[in-house]
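# Inside the fold
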Amino acid sequence: MELIKVTEQKEPHVALIELNRPKELNALNPQLMQEVRDALVTLDKNDGVRVIIITGNEQAFAAGADIKQMADKSAIDMLLLDQFTTWDQIRKTKKPIIAAVSGFALGGGCEFVMTCDMVIASETAKFGQPEIKIGTIPGAGGTQRLTKAVGKAKAMELILTGRFLSAEEAHFYGLVNKVVPKEMYLQEAFTLAKEIAQLSPVAVQLAKESINRSFETHLDEGLTLERKNFYLTFASADQKEGMKAFIEKRKPEFKGQ
Ligand code: DAK
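Residues numbered from 1 in each chain as written. Predicted model: local features only at pLDDT ≥ 70, side-chain atom pairs only at ≥ 80, totals over all residues. Heavy atoms only, no water.

### A word on the pattern of salt bridges
Condition: We count a salt bridge whenever a side-chain nitrogen from Lys or Arg sits within 4 Å of a carboxyl oxygen from Asp or Glu. For every residue, the accessible area obtained with a 1.4 Å probe (protein chains only) is divided by the maximum for its type, and the residue is called buried under 20%, exposed over 50%, and partly exposed between those limits.
In this structure the tally under the stated criterion is 15 salt bridges. Of the charged contacts, one joins Glu-157 and Arg-163 as a salt bridge, the two residues approaching to 2.9 Å between their closest N and O atoms. The class of Glu-157 is partly exposed, set by a relative accessible area of 26%. Looking at Arg-163, the relative accessible area reads 47%, which means it is partly exposed. Each of Asp-88, Arg-91, Asp-220 and Arg-227 takes part in a single network of salt bridges with overlapping partners.

### Some thoughts on the packing of aromatic side chains
Both the distance between ring centres and the angle between the ring planes are used here to describe each pair of aromatic rings. We count it as follows: Any two of the Phe, Tyr and Trp rings considered here, Trp counted by its six-membered ring, make a pair once their centres fall within 6.5 Å; the pair's planes then place it as stacked at under 30 degrees, edge-to-face at over 60, or tilted in between. Secondary structure elements follow DSSP: runs of H or I of four or more residues count as helices, runs of E of two or more count as strands, with numbering from the N terminus.
One pass over the structure, following the stated rule, counts 7 aromatic pairs. Here the aromatic rings of Trp-87 and Phe-112 are separated by 6.3 Å at their centres, their planes lie at 65°, and the arrangement is edge-to-face. Taken together, the positions of Trp-87 in helix 4 (residues 84-92) and Phe-112 in helix 5 (residues 108-115) put the pair 25 residues apart, joining distant regions of the chain. Accessibility expressed as a relative area gives 9% for Trp-87, which makes it buried.

### Some words on the environment of Leu-165
Operational definition: In this analysis, two residues are considered to be in contact whenever any of their non-hydrogen atoms come within 4.5 Å of each other.
With respect to the element layout, Leu-165 can be found in strand 9 (residues 164-166). Residue class for Leu-165 comes out buried when judged on its relative accessible area of 2%. C-alpha separation for the pair Leu-165 and Val-180, spaced 15 residues apart in sequence, amounts to 16 Å. Not counting residues within four places of it along the chain, the set of residues in contact with Leu-165 comprises Ala-125, Lys-126, Phe-127, Lys-154, Leu-158, Ala-170, Tyr-173 and Leu-175.

Quick look at the structure:
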């Protein structure tokens, strides 16, 4: 594991996965996501582990999928890359996953957080789906999960403008369970994890599955449409311009093509 750090028993029955690409604000490249997938598969099979915490660092949970690796891709490249087999493992994991978030959780980073089961945020956390600013749209569930979490009007505002939500706002809209001072977010995630880890792991897994079923009815259809539309943006000049402008640190000029 190069881009994540896994501690199987950080506390009894509680495992910790730390995303570890600090220079890139934990931008989620395929290797990092593959490592997350492998870790989740292993931890799900490990009888000693009952709850999993995933975190980044103080500056960022993750600032999104890696724009530098996506910028030049065509719609068909994106389709064939089929990164969803790795991303899907987050929602297939049977044990509860708590995201402990400080700093940026943007784009794919916010989608990653929303795919986890509970969220503890530092007061410094910032959530958002800024893909529109680089000429694309959320591709890993953002249009579906954010809408279910915060309601249609707020989701429209956030996804169509790319604005960020503060930790307090995210709490108000029900995106996170609790906001704590920045020195406490990981500790608070462990407090929650330890409480759940004392309970019947069988009942906990069945409860998680049942809650997700209520949440995910019709989700598959929405995710399929979102994926197709996300791929389609890679056929546009605006996506190329948006991502190139980010890399070149300038304002994009969108032409609607
Ligand atoms: N990708 C690559 N590099 C990134 C990055 C990203 N998403 N975010 C930050 N970095 C890099 C910066 O390029 C910079 O690198 P150097 O220039 O030093 O080499 C370094 O991290 C520090 O960033 P900044 O210098 O920009 O730091 P600031 O504090 O000034 O700004 C920021 C922080 C988070 C506001 C800014 O970095 C930013 O706007 N980042 C991009 C946020 C964003 O647009 N995120 C959405 C990306 S699109 C899918 C799965 C997922 C997705 C799609 C499909 N499938 C499974 C198919 C998701 C898509 C996305 O997330």
